[in-house]
Amino acid sequence: MNGIHDMGGMDGFGKVEAELNEPPFHESWEGRVLAMQRAMGYAGAWQIDHGRFAQEALPPQVYLASSYYRRWLLGMESNLLERGYVAPDEMAAGHALRPAKPLNRKLTTEVVQKGMARSSFYRQQQGPARFKPGDRVRTKNFHPQTHTRLPRYARGKPGMIELIHGCHAYPDSVAVGQGDNPQWLYTVVFDGRDIWGPDADRTLKISIDAFEPYLEPA
Amino acid sequence: MNGIHDMGGMDGFGKVEAELNEPPFHESWEGRVLAMQRAMGYAGAWQIDHGRFAQEALPPQVYLASSYYRRWLLGMESNLLERGYVAPDEMAAGHALRPAKPLNRKLTTEVVQKGMARSSFYRQQQGPARFKPGDRVRTKNFHPQTHTRLPRYARGKPGMIELIHGCHAYPDSVAVGQGDNPQWLYTVVFDGRDIWGPDADRTLKISIDAFEPYLEPA
Amino acid sequence: MADHDHATDHGSELSETQLRVRALETILTEKGYVDPAALDAIVETYETKIGPRNGAIVVATAWTDPAFKQALLADATKAVAQLGHISRVGDHLVAVENTPQRHNMIVCTLCSCYPWEVLGLPPVWYKSAPYRSRAVKDPRGVLADFNVQLPKETEIRVWDSTAETRFLVLPMRPAGTEGWSKERLADLVTRDSMIGTGLPRKPGEIAQ
Amino acid sequence: MADHDHATDHGSELSETQLRVRALETILTEKGYVDPAALDAIVETYETKIGPRNGAIVVATAWTDPAFKQALLADATKAVAQLGHISRVGDHLVAVENTPQRHNMIVCTLCSCYPWEVLGLPPVWYKSAPYRSRAVKDPRGVLADFNVQLPKETEIRVWDSTAETRFLVLPMRPAGTEGWSKERLADLVTRDSMIGTGLPRKPGEIAQ
């Protein structure tokens, strides 16, 4: 979806301001939100793109007015409700009011202490890769109402395949409950002027990681 | 600039909700803001595109969180300050602390009662029109940090000249203090699928009014 | 939609804006830039004199006078000025005609440009992010929000008012209005039907 | 940047969020979905174990061991895993090398993807709208915000992390560090130099 989250190339947000000696968390609730999200992910309650889609679907004014972990909280709440892990009356009561929906597994202290690796998104390939490094491609111009990982600024643009990352679960399918639908993933590099026009910085190259359905030969 | 104001084609804002029997103003201050803006415009304090640019330059989170007339207020305040009509200490004090900067004229009750027409934006042509109705064109792909009236969704897109509106003051120049720089103005019509991709409503045509520098032959 | 000022931090939100506007008017008045009586007159004009009835008369005239309709579609600024009932018409007005084949809808995605002279002040929804963002991409979805459904094959033409041109939709005259007076026809012409988010009332929908 | 919850209406803003998070943890615990002790362990892990020192060791190793550098650039996931000092490395790590001709910078415009295993939690600025919006369009302007100025002719390559691939910048080894130990070199490697918004410290910039 063309949500406010897709902000690459927007103007008006001001300078980047770094904080000296920034702590891992600014408020203790932030750590709890992160940890709950990790635990629910480990349990298989939803996938990373469901988490992203839920945040993207926040009204733009809410998205911009909320801090990073506040957005995680709001996204997590909507996934919990939407998928039936928590009911609205439970959310309102602040307590469980009925039995849990079963989950695959539960995150324990032992698992955490052994070290939690990020999931792998590699999937069995469904066919040969359509492109190889060096190929000229053009990104498609599409504007789905649903989750996609092709940013607006990079749609309908000519670029070149630079890296091939194997076959990955396809976020556009995963987020709408249509399964992994594995797709080849490439790093596609663009000249800054093809993206931003002739006045762009001439030394700028931009790459995205693009799934094969985002691309057509150029 | 690619500000939040350029929201054509964004998702996530929800349904359009009309208000029954909506009054002209919801709060009395709204009318005062509108009237001050009209009075300052009549006086020649700034032009309409300066007013627009000042609103576009509001931080996106402020823009979205502010009502229409609140944005007018914030834009007007920034034009008053930036152009030296009011000094920051006067704004803070809520009173004039020094003499006014001269203005061309002052809006009086008589002028209002005779009926205030909108300004004309017609300007003397600087050369022949480059395009005529029926011509195929392509909008340019550019992303200025400054004011422009070519929306992002319509950049780099093929279209057709439909109407020619004569020569007009050019907002991209006016807003940055480079004068009227008159340009031919056209209505350019696009097929919805050229804008939004193959899944777009097949019955959709979109037009914008585009100044000649926005266009190249296709 | 109530005006609600989220930009301020704590309580009494409206009064923050109100105080700020009052202070500004004080400064501009003391500086001699504005005359409060003239501001009153402007507010009064928009509250009482300029509204969609102006546009409705234009539409009703076009429905009953073929020569005027032709003139309106050729040069709306000039045609409306000659009609005489609107005291002053700015330049750059364009009228676009709905037909069985094509439905027109007006938006300003970049700000909220609107033909004030013929329609009065724009409604809040017209200036809102939902309308500005969706009208160009999903006009049938927007029409559904207004409970308007058009035939699937009707072309939807969205006019994005990106310059100073202002657009007025000339809706189709409802059936069953043969012989009606201009004034009676004007009662059928809603504001939304001149923006393209609505259709004119049908004869049965107004008091006889 | 202080965390400030503008989304709520009146006063005690942080406590609204805090209460909401506590309620959620209560529900999820009562439901049996989460174990508070495991949540404690996760928080502790991010607060104490996972941080940019992990990445700094990777970089320092690449600076001192040509075979490792080659392996890192060929397959960072595998190379880092074999290094062994990071307990678990997820798949999909890619290292990109700065050279006199090319400077790399990492961003995630769509959310805030970041190589947590090697750099720890991302700083607030990395997740902020100013960085996400500007890095792809005006990277030299962003570098200026970090007081970094690169030669005009240096290619700036911005990697937008739009999939699960995570990128680690391998900065150039500062001059004057011949014969330094891996540990001493690692002290030169800042977090920002591995994101591409900074450069490694010079020998004179750290305590001897």
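Please refer to the structure higher up on the page.
These notes cover the structure that comes with them. In this text, all values refer to a predicted model and were calculated from it rather than measured experimentally.

Regarding the overall build of chain C
(1) Moving on: When you go through chain C residue by residue, the secondary structure sums to 11 helices and 4 strands.
(2) Moving on: If one aligns the C-alpha atoms of chain C with their principal axes, the spans along those axes are about 55 × 40 × 35 Å.
(3) Moving on: The buried share of chain C, reckoned over its 208 residues, is 60%.
(4) Moving on: At a minimum sequence separation of 6, the contacts of chain C that also span at least 24 residues come to 64%.
(5) Moving on: Here chain C displays about 8100 Å² of accessible surface, and carbon together with sulfur accounts for 52% of that area.
(6) Moving on: Charged side chains in chain C number 23 positive and 27 negative. The centres of these two groups are separated by 6 Å.

As for the sheet that holds strand β3 (residues 155-160) of chain C
(1) Moving on: If you trace the 7 strands from one edge of the open sheet to the other, you get β5(B)-β1(B)-β2(B)-β3(B)-β4(B)-β3(C)-β2(C), paired in mixed fashion. With one partner strand each, in any of the chains shown, β5 (215-217) of chain B together with β2 (102-107) of chain C form the two edges of the open sheet. The average undirected angle you get between the axes of adjacent strands in this sheet is 35°.
(2) Moving on: When strand β3 (residues 183-191) of chain B meets strand β4 (residues 204-211) of chain B, the two strands line up antiparallel, connected through 7 bridges. Paired with B:Val189 across the strands is B:Ser207, a residue of β4(B).

Concerning the interface of chain D and chain A
(1) Moving on: Residue-level contacts link 87 residues of chain D with 95 residues of chain A.
(2) Moving on: The contact between chain D and chain A buries some 7800 Å² in all, and 58% of this surface belongs to carbon and sulfur atoms.
(3) Moving on: Counting across the chain D and chain A interface gives 10 salt bridges.
(4) Moving on: Taking the shortest distance from any N to any O, the salt bridge between A:Asp11 and D:Lys137 comes out at 2.9 Å.
(5) Moving on: The tally of links between chain D and chain A comes to 39 residue pairs in polar contact (both at pLDDT 80 or more).
(6) Moving on: Of all the secondary-structure elements, those providing two or more residues to the side of chain D that touches chain A are α1 (13-30), α2 (36-49), α6 (116-119), α7 (124-127), α8 (129-134), α9 (139-145), β3 (155-160) and β4 (166-170) of chain D.

Some points on the environment of B:Leu58
(1) Moving on: Within the element layout of this structure, B:Leu58 appears in the loop between α2 (48-56) and α3 (60-65).
(2) Moving on: Residue classification places B:Leu58 among the buried residues on the basis of a relative accessible area of 12%.

Quick notes on the packing of α2(B) against helix α4 (residues 68-82) of chain B
Residue and element names in this part refer to chain B.
(1) Moving on: Running from amino to carboxyl end, α2 crosses α4 at an angle of 110°, the nearest separation of the two axes being 8 Å. The orientation of α2 with respect to α4, classified from their angle, is roughly perpendicular. Across from His 50, Gly 51, Ala 54 and Gln 55 in α2, the residues of α4 making contact are Arg 71, Trp 72, Gly 75, Ser 78 and Asn 79.

Structural notes on unusual backbone geometry
(1) Moving on: Phi angles above zero are rare outside glycine, and C:Asn147 is one such case at about 60°.
(2) Moving on: By the element assignment, C:Asn147 lies in the loop between α9 (139-145) and β3.

Examining the side chain of C:Thr45
(1) Moving on: For C:Thr45, the location among the structural elements is in helix α2 (residues 36-49).
(2) Moving on: Overall, C:Thr45 belongs to the buried group, its relative accessible area being 14%.
(3) Moving on: Within the local environment of C:Thr45, its side chain forms a polar contact with the backbone oxygen of C:Ala41, the two atoms lying 2.7 Å apart.
(4) Moving on: With residues near it in sequence (within four places) discarded, C:Thr45 still touches B:Val112 and C:Ile50.

With respect to the sheet that holds strand β3 (residues 183-191) of chain A
(1) Moving on: Taken together, 7 strands build an open sheet; the order of strands is β5(A)-β1(A)-β2(A)-β3(A)-β4(A)-β3(D)-β2(D) and the sheet is mixed. Taken across any chain shown, the strands that pair with only one partner, and hence form the sheet edges, are β5 (215-217) of chain A together with β2 (102-107) of chain D. Pairwise comparison of adjacent strand axes, ignoring direction, gives a mean angle of 35° for this sheet.
(2) Moving on: With 6 bridges joining them, β2(D) and β3(D) adopt parallel strand pairing.

Re empty space enclosed by the protein
(1) Moving on: Under the defined criterion, the tally for this structure stands at 4 cavities of 30 Å³ or more.
(2) Moving on: In this structure, the largest cavity is lined by 13 residues; those nearest its centre are A:Met10, A:Arg152, B:Asp6, B:Met10 and B:Arg152.
(3) Moving on: Split into classes, the residues belonging to the lining of the largest cavity amount to 4 nonpolar, 5 polar and 4 charged.

Side note on the packing of aromatic side chains
(1) Moving on: Following the criterion strictly, the structure yields 40 aromatic pairs over all chains and no others.
(2) Moving on: Ring centres of B:Tyr170 and B:Phe211 lie 5.6 Å apart, and the angle between their planes is 65°; on these two criteria the pair is classed as edge-to-face. Linking B:Tyr170 in the loop between β2 (158-168) and α7 (171-174) with B:Phe211 in strand β4, this pair joins segments that are 41 residues apart in sequence.
(3) Moving on: Overall, the relative accessible area of 9% leaves B:Tyr170 in the buried class.
(4) Moving on: Ring geometry for B:Tyr170 and B:Tyr214: centres 5.8 Å apart, planes at 50°, overall tilted. Here B:Tyr214 lies in the loop between β4 and β5 and B:Tyr170 lies in the loop between β2 and α7, a separation of 44 residues in the sequence. For the residue pair B:Tyr170 and B:Tyr214, the accessibility class agrees, reading buried in each case.
(5) Moving on: Grouped by ring-pair contacts, the aromatic residues A:Phe25, A:Tyr68, A:Tyr69, A:Trp72, D:Tyr46 and D:Trp116 constitute a single cluster.

Structural notes on α2(C)
Residue and element names in this part refer to chain C.
(1) Moving on: With 14 residues, α2 extends 19 Å between its outermost C-alpha atoms, agreeing within 8% with the 20 Å of an ideal straight helix rising 1.5 Å per residue.
(2) Moving on: Buried within α2 are the following residues: Ala 38, Leu 39, Ala 41, Ile 42, Val 43, Thr 45 and Tyr 46.
(3) Moving on: The backbone nitrogen of Ala 37 has a side-chain oxygen 3.0 Å away, supplied by the residue at the start of α2, namely Asp 35.

Some remarks on helix α5 (residues 76-83) of chain D
Residue and element names in this part refer to chain D.
(1) Moving on: Ala 76, Thr 77, Ala 79 and Val 80 are the residues of α5 that are buried.
(2) Moving on: On its buried side, α5 packs onto α3 (52-64), α4 (66-74), β1 (93-97) and α6.
(3) Moving on: Two to three positions downstream of the cap, the backbone nitrogen of Thr 77 sits 3.2 Å from a side-chain oxygen, assigning the N-cap of α5 to Asp 75.

Structural notes on the nonpolar core
(1) Moving on: Ranked by size, the top nonpolar core spans 113 residues in total, and within it B:Leu34, B:Leu80, B:Leu215, C:Leu28, C:Leu72 and C:Tyr131 carry the most contacts.
(2) Moving on: Broken down by element, this core gets its largest block of residues, 8 residues, from helix α1 (residues 28-43) of chain B.
(3) Moving on: Those residues within four positions of C:Leu72 in sequence are excluded, and the remaining contacts are C:Val58, C:Ala62, C:Ala79, C:Val80, C:Ala95 and C:Leu170.
(4) Moving on: Counting residues in each nonpolar core, the second largest holds 112 residues, with A:Trp72, A:Val137, D:Ala38 and D:Leu168 among its members.

Describing the pattern of salt bridges
(1) Moving on: Scanning the entire structure with this criterion turns up 50 salt bridges over all chains.
(2) Moving on: Note that A:Arg193 is salt-bridged to A:Asp191, the shortest N-O span being 3.2 Å.
(3) Moving on: A residue is classified by how much of its surface remains accessible, and A:Arg193, at 27% relative accessible area, is partly exposed.
(4) Moving on: Between D:Arg140 and A:Asp201 there is a salt bridge, and its shortest N-O distance comes to 3.1 Å. Of the two residues, D:Arg140 sits in helix α9 while A:Asp201 sits in the loop between α8 (192-196) and β4 (204-211), which places them in two different chains.
(5) Moving on: Judged by its relative accessible area of 24%, A:Asp201 is partly exposed.

So, the side chain of C:Thr154
(1) Moving on: For C:Thr154, the location among the structural elements is in the loop between α9 and β3.
(2) Moving on: Residue C:Thr154 is classed as buried on the basis of its relative accessible area of 5%.
(3) Moving on: Excluding residues that lie within four positions of it along the chain, C:Thr154 makes contacts with B:Thr203, C:Pro100, C:Gln101, C:Arg102, C:His103 and C:Arg140.

What counts, and at which threshold
Residues numbered from 1 in each chain as written. Chains lettered and ligands numbered in written order. Predicted model: local features only at pLDDT ≥ 70, side-chain atom pairs only at ≥ 80, totals over all residues. Heavy atoms only, no water. Helix = DSSP H or I, 4+ residues; strand = E, 2+ residues; numbered from the N terminus. Buried < 20%, exposed > 50% of the residue type's maximum accessible area, 1.4 Å probe, protein only. Contact = heavy atoms within 4.5 Å. Areas by Shrake-Rupley, 256 points an atom, 1.4 Å probe, with all protein chains shown as cover. Lys, Arg positive; Asp, Glu negative; His and termini not counted. Charge placed at Lys NZ, Arg CZ, Asp CG, Glu CD. Pairing = 2+ DSSP bridges. Axes fitted to C-alpha atoms, helices over the stretch in contact; angles between N-to-C directions. Buried area = accessible area lost by both parts, 1.4 Å probe. Salt bridge = Lys/Arg side-chain N within 4 Å of Asp/Glu carboxyl O. Polar contact = N/O pair within 3.5 Å; in protein donor to acceptor, adjacent residues only side chain to side chain. Parallel < 35°, antiparallel > 145°, perpendicular 65-115°, else oblique. 1 Å grid on protein atoms, 1.4 Å probe; cavity = no way out; pocket = protein on both sides within 12 Å on 5 of 7 lines; lining within 4 Å. Points joined across faces, edges and corners; volume = space filled by probe spheres on them. Nonpolar A, V, L, I, M, F, W, Y, C, P; charged D, E, K, R; others polar. Phe/Tyr/Trp six-rings, centres within 6.5 Å; stacked < 30°, edge-to-face > 60°. Expected span 1.5 Å × (residues − 1). Core = buried A, V, L, I, M, F, W, Y, C linked by side-chain atoms within 4.5 Å.

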